[in-house]
Amino acid sequence: MMFELGGYFADAGHSFQVPLYTPSLTRLYQHTHNTMMKVISSLRHGVKLNEIGRIIQSEARKSGYKVIMNLCSHGIGRSLHETPNDILPFYNKDDKRVLKEGMVITIEPFLTTGAEYAVESPDGWTLCVPDNSFCAQHEHTIIITRDQPIITTVA
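The structure contained in this document is the topic of the report that follows. (Residues numbered from 1 in each chain as written. Predicted model: local features only at pLDDT ≥ 70, side-chain atom pairs only at ≥ 80, totals over all residues. Heavy atoms only, no water.)

1. Quick notes on the overall build of the protein chain
Along the protein chain, the regular secondary structure elements total 2 helices and 12 strands. Counting from the amino terminus, the protein chain carries its helices and strands in the arrangement β-β-β-α-α-β-β-β-β-β-β-β-β-β. Based on the C-alpha atoms only, the size of the protein chain along its principal axes is roughly 40 × 35 × 30 Å. Put simply, the protein chain has 155 residues, and 42% of those count as buried. A separation of at least 24 residues holds for 69% of the contacts in the protein chain among residues at least 6 apart in sequence. Accessible area for the protein chain stands at about 8,600 Å²; split by element, carbon and sulfur atoms hold 58% of it. Here the protein chain carries 14 positive and 16 negative side-chain charges, and the mean point of each set is 11 Å from the other. (Helix = DSSP H or I, 4+ residues; strand = E, 2+ residues; numbered from the N terminus. Buried < 20%, exposed > 50% of the residue type's maximum accessible area, 1.4 Å probe, protein only. Contact = heavy atoms within 4.5 Å. Areas by Shrake-Rupley, 256 points an atom, 1.4 Å probe, with all protein chains shown as cover. Lys, Arg positive; Asp, Glu negative; His and termini not counted. Charge placed at Lys NZ, Arg CZ, Asp CG, Glu CD.)

2. Observations regarding the packing of helix H1 (residues 23-42) against helix H2 (residues 50-62)
Contact geometry for H1 and H2: axes closest at 10 Å, N-to-C directions at 150°. Between H1 and H2, the angle is such that the two are roughly antiparallel. Here H1 runs over H2; the crossing is right-handed. In contact with His31, Thr35, Lys38, Val39 and Ser42 of H1, H2 contributes Ile52, Ile55, Ile56, Glu59, Ala60 and Lys62. A per-class count over the contact of H1 with H2 returns 5 nonpolar, 3 polar and 3 charged. (Axes fitted to C-alpha atoms, helices over the stretch in contact; angles between N-to-C directions. Parallel < 35°, antiparallel > 145°, perpendicular 65-115°, else oblique. Left-handed = near helix turned anticlockwise from the far one by under 90°. Nonpolar A, V, L, I, M, F, W, Y, C, P; charged D, E, K, R; others polar.)

3. Some points on the pattern of salt bridges
As enumerated under the stated definition, the model contains 6 salt bridges in all. The closest approach of N and O atoms between Lys62 and Glu59, which form a salt bridge, is 2.8 Å. In this pair, Lys62 and Glu59 both sit in helix H2, 3 residues apart, roughly one turn of the helix. Here Arg146 ties to Glu101 by a salt bridge, and the two come within 3.1 Å at their closest N and O atoms. Note that Arg146 is positioned in the loop between strand E11 (135-143) and strand E12 (150-151) and Glu101 in the loop between strand E6 (82-87) and strand E7 (104-107), a separation of 45 residues in sequence. Three or more residues joined by partner-sharing salt bridges are found here, namely Lys38, Glu59 and Lys62. (Salt bridge = Lys/Arg side-chain N within 4 Å of Asp/Glu carboxyl O.)

4. Structural notes on the pairing of E11
Summarising burial for E11: 7 of the 9 residues are buried, a large majority. Pairing analysis gives 2 bridges linking strand E3 (residues 13-14) to E11, with the strands arranged antiparallel. Bridging across to E11, His14 finds its partner in His138. Relative to E11, E7 is paired through 4 bridges, and the arrangement is antiparallel. Within E11, the position partnered with Ile105 by the bridge is Ile142. Sheet topology note: the strand E8 (residues 110-112)/E11 ladder contains 3 bridges and is antiparallel. By the bridge assignment, Phe110 is partnered in E11 with Gln137. Relative to E12, E11 is paired through 2 bridges, and the arrangement is antiparallel. Bridging from a neighbouring strand, Ile143 pairs with Ile150 of E12. (Pairing = 2+ DSSP bridges.)

Now the structure itself:
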C-alpha cells in the first residue's frame, strides 16, 4: 500500500492468510512481523544501514526461514523510491552507509520457507517464488531520529 500526502510518500505492506489459517503459516507471518519490529526498534541516528540486513538475516535463520535476497527496503520521501537505495535484507560488510537523523526509509523483510529469490510474472507486476514455497512480507515507513524511530504507517 502506498500513501501520498502533500507531495510526500509512505509505503506499507502486510501479509495475511486467505482463506485457511494454519499454524505453520501463522508462525511465518508473525515471525516476519516480529523481525520487522525488531529491526525498527534498533534503528537511530548513527547506526549502519547494513545492520538492517544483519538483523533480518539472523532472525530468519534462527527460525528456519530464508530471506528473499532480491527484494529490499529503501529510502522514501518525495518519490516512492529514493536514497538510500537498496537497503539489503542480508549483511553486507562493505556497506558503510550510516543512518542520519531525519532520513525516511522503509523496513520490509521478506521471509520464506524455501526460495531465496522472487521472480516477476508475465504481467510485469506480480512477484512469486519459483518453488511454490510460502513467503511473507511486512513493511512500515519510519523516520530516523536520535532516539527511537517514528513509524509513520501505523493505522
